[in-house]
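Spelled out, the chains give:
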Amino acid sequence: MAWSFSKAFSGLFNRSEPITEDTWDDLEMALIGADFGPDLSDEMLTELRDQVERHSITDVKDLKQLLRDTIADRLAKFDPTLKLSDRPAVVLVAGVNGVGKTTTIGKFANYLGNFNRRVLVGAADTFRAAAVEQLNTWATRGGAAIVKPKQQGQDPASVAYETVQRGINEGFDVVVIDTAGRLQTKGGLMDELSKIKRVIEKLTPISEVLLVLDATTGQNGLAQAEAFIEHAGVTGLVLTKLDGSAKGGFVLNVQEKTGLPVKLVGQGEGISDLTGFTPHVFAQNLVD
Ligand code: GDP
Ligand code: MG
């Protein structure tokens with residue numbers, strides 16, 4: 001996996017040379033540039049200086065390994081495992097418009113298909129006909145069956161209910177519900193999500209509420225996440241658009257800020273451009 005954000009660090013560590021104050025300045029710039037955020041960057045720099053001193057490390061090359069280990073240790077505090085053992089496992093997908101919910105659902109269905117899971121998706125973003133059609137296209141690509149609204153604008157909660165009901169009746173392994181993400185009606189949106197959850201929980205427990213975040217939006221994306229985390233009972237994060245982003249530090253930043261694990265990572269617009277999150281591989285790629 002070639003993540004372009006490793007570029008932020010590659011120039012920094014590719015020579016064997018003594019660690020100087022310039023090294024620390026460059027490292028700080030690289031961390032901020034990679035979207036670790038000011039707070040986390042500060043914490044990490046303090047931690048690294050401390051270790052460099054304690055272990056009498058003098059070479060930039062050894063600092064590179066230390067940075068990689070620091071990132072890996074911090075990432076390892078979060079469990080990226082998706083809880084999909086219920087039958088069916090019901091997964092609710094939330095997030096603001098344009099972050100990649102609908103495409104992620106298609107990719108997720110494809111990903112689950114690789115593990116021989118039968119997937120049913122529900123089009124609970126019912127307001128725009130185009131949204132239903134887009135999910136239909138992605139569900140087909142991902143090999144999933146779909147429940148659509150009977151008419152445009154049907155109550156999203158009733159579509160979610162019908163989807164889960166069919167999932168139970170027909171023995172699907174995983175039921176994934178797409179939702180709307182209009183930001184201008186945030187209050188209404190949170191009410192709608194709560195209602196969808198309540199209605200589903202009349203039938204079966206919800207296994208995962210995944211909040212999709214666009215990795216290219218940085219701190220802005222974090223602000224958006226707050227309302228969902230407060231009101232929607234989010235169990236995990238999906239980070240999309242990491243392919244076009246030089247900001248892989250966002251992954252760690254977002255976990256530490258929200259206290260929620262990243263469970264899936266999207267890296268492109270193709271059907272197979274979604275993977276689970278493997279912390280040590282990520283740390284390795286970030287500082288390679
Ligand atoms: P939604 O409004 O949250 O349902 O977002 P969509 O699924 O409609 O996606 C919005 C746009 O983001 C589309 O053009 C997608 O192709 C694009 N997109 C989604 N995920 C990724 C990704 O991982 N990488 C890239 N480059 N684009 C993505
Ligand atoms: Mg959508």
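Predicted model only: the values in this text are computed from it and were never measured.

Not every one of the 17 residues close to ligand 1 is listed here, only the nearest: G98, K101, T103, D243 and E269. Here an oxygen atom of ligand 1 sits 2.9 Å away from a polar atom, N or O, in the main chain of K241. Contact between ligand 1 and D243: a nitrogen atom at 2.8 Å from a side-chain N or O atom of the residue. For ligand 1, whose unbound accessible area comes to 580 Å², protein coverage reaches 79%. For the shell around ligand 1, the leading source of residues is helix α5 (residues 101–113), giving four residues. In the shell around ligand 1, the residues fall into two nonpolar, 10 polar and five charged.

A few words now on the sheet that holds strand β6 (residues 236–240). If you walk across this open sheet you meet the eight strands as β3-β2-β4-β1-β5-β6-β7-β8, and the pairing is mixed. Each end of this open sheet is capped by a strand with a single partner; those strands are β3 (145–147) and β8 (274–276). Recorded for the sheet is a direction-independent mean angle of 25° between the axes of neighbouring strands. The sheet contact formed by strand β5 (residues 208–214) and β6 spans five bridges and is parallel. The partner of L213 across the bridge, within β6, is L239. Set on the sheet, helix α10 (residues 249–258) makes contact with β5, β6 and β7 (262–266); between it and β6 the angle comes to about 155°.

The subject of this paragraph is the side chain of K197. When you line up the elements, K197 lands in helix α8 (residues 186–201). Despite its burial, K197 remains without a salt bridge, the nearest opposite charge being carried by E201 at 5.0 Å. At a separation of 3.1 Å, a polar atom in the side chain of K197 contacts the main-chain carbonyl oxygen of A232. Ignoring any residue separated from it by four or fewer positions in sequence, one finds K197 in contact with L92, I206, V209, A232 and G233.

Moving on: the domain arrangement of the protein. Domain parsing of the protein yields domain 1 (7–75) and domain 2 (89–277). With centres defined by C-alpha atoms, the gap from domain 1 to domain 2 works out at 35 Å. In this assembly, 12 residues from domain 1 lie in contact with 14 residues from domain 2. Note on domain 1 versus domain 2: buried area summed over both sides is about 950 Å², and carbon and sulfur give 54% of it. When residues of domain 1 are sorted by the area they lose upon contact with domain 2, D35, L40 and L75 head the list and together hold 52% of the total. Taken together, the connections running from domain 1 to domain 2 amount to two salt bridges. Across the pair R74 and E256 runs a salt bridge, and its minimum N-O distance is 2.8 Å. In this structure, the connection of domain 1 to domain 2 is made through five residue pairs in polar contact (both at pLDDT 80 or more). For the side of domain 1 that touches domain 2, the secondary-structure elements that each account for two or more residues are α3 (38–54) and α4 (60–75).

Moving on: the pattern of salt bridges. Opposite charge on two side chains makes pairing possible when the charged atoms of those side chains draw close. All chains considered together, the criterion is met by 15 salt bridges. Here E21 and R49 are joined by a salt bridge, their closest N and O atoms 3.1 Å apart. Highlighted residues: E21 in helix α2 (residues 21–33) and R49 in helix α3, separated in sequence by 28 residues. Taking relative accessible area as the criterion, E21 reaches 47% and is therefore assigned partly exposed. By relative accessible area, which is 35% here, R49 ends up partly exposed. The salt bridge partner of R166 is E170, with a shortest N-O separation of 3.2 Å. What makes E170 partly exposed here is its relative accessible area of 41%. Taken together, the shared-partner salt bridges connect E43, E47, R74 and E256 into one network.

Thresholds applied
Along each chain, residue indices are assigned from 1 in the same order as the chain's sequence is written. Numbering of ligands from 1 and lettering of chains from A proceed in the order in which they are written. Local features in this predicted model are restricted to residues whose pLDDT is 70 or higher, and side-chain atom pairs enter the listing and the counts only when it is 80 or higher, whereas totals over whole chains, interfaces and linings include all residues. No hydrogens and no water enter the side-chain calculation; it runs on all heavy atoms of the structure. For this purpose, a residue is taken to be near a molecule or strand whenever a single non-hydrogen atom of the residue falls within 4 Å of it. Definition of a polar contact: a pair of N or O atoms within 3.5 Å, with one able to donate and the other able to accept a hydrogen when the atoms are protein atoms, and with sequence-neighbouring residues admitted only if both atoms are side-chain atoms. Using a 1.4 Å probe, accessible areas were evaluated by the Shrake-Rupley method; residue-level cover was limited to the displayed protein chains. Helix numbering and strand numbering both begin at the N terminus, where a helix is a DSSP run of H or I of at least 4 residues and a strand a DSSP run of E of at least 2. When residues are sorted by character, Ala, Val, Leu, Ile, Met, Phe, Trp, Tyr, Cys and Pro go into the nonpolar class, Asp, Glu, Lys and Arg into the charged class, and all the rest, Gly among them, into the polar class. Pairing between strands is defined by DSSP: at least two bridges between the two strands are required. Note on geometry: axes are lines fitted to C-alpha atoms, helical ones only across the stretch in contact, with angles between N-to-C directions running from 0 to 180 degrees. Contact between two residues is taken to exist if any of their heavy atoms lie within 4.5 Å; hydrogens are not considered. Exposure is judged per residue with a 1.4 Å probe applied to protein chains only, and the accessible area is read against the type maximum: over 50% gives exposed, under 20% gives buried, and values in between give partly exposed. Charge assignment in this entry is limited to Lys and Arg as positive and Asp and Glu as negative, and neither His nor the chain termini are counted. We define a salt bridge as a contact between a side-chain nitrogen of Lys or Arg and a carboxyl oxygen of Asp or Glu at a distance within 4 Å. Start and end points for every domain follow an automatic or database-based domain assignment. Once two parts are put together, the accessible area they lose, assessed with a 1.4 Å probe and summed over both, is termed the buried area.

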